[in-house]
Amino acid sequence: SLEAAAPRAVVKVGWATLWKRALVIDSLSVPAGSVAWTGARKGASLSLERLKLGVRDVSMPPDSQGSYEAQAAIAGGGTISSQGRLSLSPLALQGEASVAGAPLARLWALAQPGQSPVRGTLEARSRISFGPDGLAPLELTAAAALEPGGRIAVSGSVALQPLKANLKLAASNVALAAAPP
């Protein structure tokens, strides 16, 4: 299930352009929202708090691009953010996303509910590109600081349709017991 709340959203629309049958969003702002997701498996949930969303200069004329930015606190620690360019016609998005200081135990519960969590934090950055042909492969750089004193780093690209990955993995001071079964 997915729940979202935004007690106050502000939208400024270029009304004069509506007469020409074109939609122009001068700015859209959600200063304090939240999103909560609960999966079907026990322990699989994620909440984003203090969600801030901003969109500027987005319009319907073909090939017109505006900008977006989003940031939120992950319940239990860490932040997530994204910024880039946005087009409505055709629907397209190019940007970067990042995760900082996210507790691995919280993320582990999403991937492996009921399993012993891995302790540490995650830092990640990705380039995002979505367009008429779907989601382009993600360019990804991630590092996990594991307790006590271990580190895992991953970089490369991941395509989702079909699932393909070209990744480089580096690990130091990682106990085999920390590896998934």
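In what follows, the accompanying structure is described. Note that residues are indexed from 1 along each chain, following the sequence as it is written. Under the rules for a predicted model, residues below a pLDDT of 70 receive no local features and side-chain atom pairs below 80 are neither given nor counted, while totals for whole chains, interfaces and linings still include all residues. The side-chain numbers reported here are obtained from all heavy atoms of the structure, hydrogens and water having been left aside.

**Focus: the pattern of salt bridges**
At step 1: By definition here, a salt bridge exists when the distance from a side-chain nitrogen of Lys or Arg to a carboxyl oxygen of Asp or Glu is within 4 Å. Tallied over the entire structure, the rule returns 2 salt bridges.
At step 2: Residue glutamate 96 pairs with arginine 125 through a salt bridge whose shortest N-O separation is 2.9 Å. In this pair, glutamate 96 sits in strand S7 (residues 91-103) while arginine 125 sits in strand S8 (residues 120-131), placing the two residues 29 residues apart along the sequence.
At step 3: When a residue's accessible area, from a 1.4 Å probe over protein chains only, is under 20% of the maximum for its type it is buried; when over 50% it is exposed; and in between it is partly exposed. Judged by relative accessible area, arginine 125 falls into the partly exposed class, the value being 46%.
At step 4: The shortest N-O distance in the salt bridge between arginine 127 and glutamate 96 comes to 2.9 Å. In this pair, arginine 127 is assigned in strand S8 and glutamate 96 in strand S7, connecting sequence segments 31 residues apart.
At step 5: The partly exposed category is assigned to arginine 127, whose relative accessible area is 49%.
At step 6: Put simply, Glu96, Arg125 and Arg127 are held in one network by salt bridges that share partners. Runs of H or I in DSSP of at least four residues are treated as helices and runs of E of at least two as strands, each being numbered from the N terminus.

**Observations concerning the environment of alanine 145**
At step 1: Position of alanine 145 among the secondary structure elements: in strand S10 (residues 138-146).
At step 2: Judged by its relative accessible area of 36%, alanine 145 is partly exposed.
At step 3: C-alpha of alanine 145 to C-alpha of arginine 119: the two residues are 26 residues apart in sequence and 8.5 Å apart in space.
At step 4: We call two residues in contact when some of their heavy atoms are within 4.5 Å. When near neighbours in sequence (up to four residues on either side) are disregarded, alanine 145 contacts Leu104, Arg119, Gly120, Thr121 and Gly150.

**A word on the side chain of serine 87**
At step 1: Turning to its location among the elements, serine 87 is positioned in strand S6 (residues 79-88).
At step 2: Apart from residues no more than four positions distant in its own chain, serine 87 is found in contact with Ser64, Gln65 and Ala92.

**Some remarks on the nonpolar core**
At step 1: In this structure, Val99, Leu104 and Leu122 are the most contacted members of the largest nonpolar core, which totals 14 residues.
At step 2: The set of elements that each furnish at least two residues to this core consists of strand S4 (45-59), strand S5 (65-74), S7, helix H2 (104-111), S8 and S10.
At step 3: Considering every element that reaches this core, the biggest residue donor is S10, with 3 residues.
At step 4: Every residue in contact with valine 99, bar those within four places of it in the chain, is listed here: Ile74, Thr79, Ile80, Leu122, Glu123 and Ala124.
At step 5: In this structure, Ile25, Val55, Val58 and Leu86 belong to the second largest nonpolar core, which totals 5 residues. Joining through side-chain atoms within 4.5 Å is the link that ties buried Ala, Val, Leu, Ile, Met, Phe, Trp, Tyr and Cys residues into a set, and such a set is a nonpolar core.

**With respect to a nonpolar patch on the surface**
At step 1: Taken together, the side chains of Leu91, Phe130, Leu135, Leu160 and Leu163 present a nonpolar region at the surface, about 480 Å² in accessible area.
At step 2: On the secondary structure map, phenylalanine 130 appears in strand S8. Only residues whose relative accessible area exceeds 30% and that form no salt bridge are eligible for patches; like-charged ones are grouped when within 9 Å, while nonpolar side chains (Val, Leu, Ile, Met, Phe, Trp, Tyr) are grouped when within 5 Å. Here the Shrake-Rupley method, with its probe set to 1.4 Å, supplies the accessible areas, and only the displayed protein chains count as covering residues.

**Regarding unusual backbone geometry**
At step 1: The amide bond that connects serine 89 to the next residue, proline 90, takes the cis arrangement and shows omega of 0°.
At step 2: Turning to its location among the elements, proline 90 is positioned in the loop between S6 and S7.
At step 3: Phi is positive for arginine 50, which is not a glycine, with a value near 50°.
At step 4: Structurally, arginine 50 can be placed in strand S4.

**Quick word on the environment of serine 157**
At step 1: Residue placement: serine 157 occurs in strand S11 (residues 150-160).
At step 2: Spatially, the C-alpha atoms of serine 157 and proline 137 are 6.1 Å apart, while their sequence positions differ by 20 residues.
At step 3: When sequence neighbours within four positions are dropped, the list of residues in contact with serine 157 reads Leu138, Glu139, Lys164, Ala165, Asn166 and Leu167.

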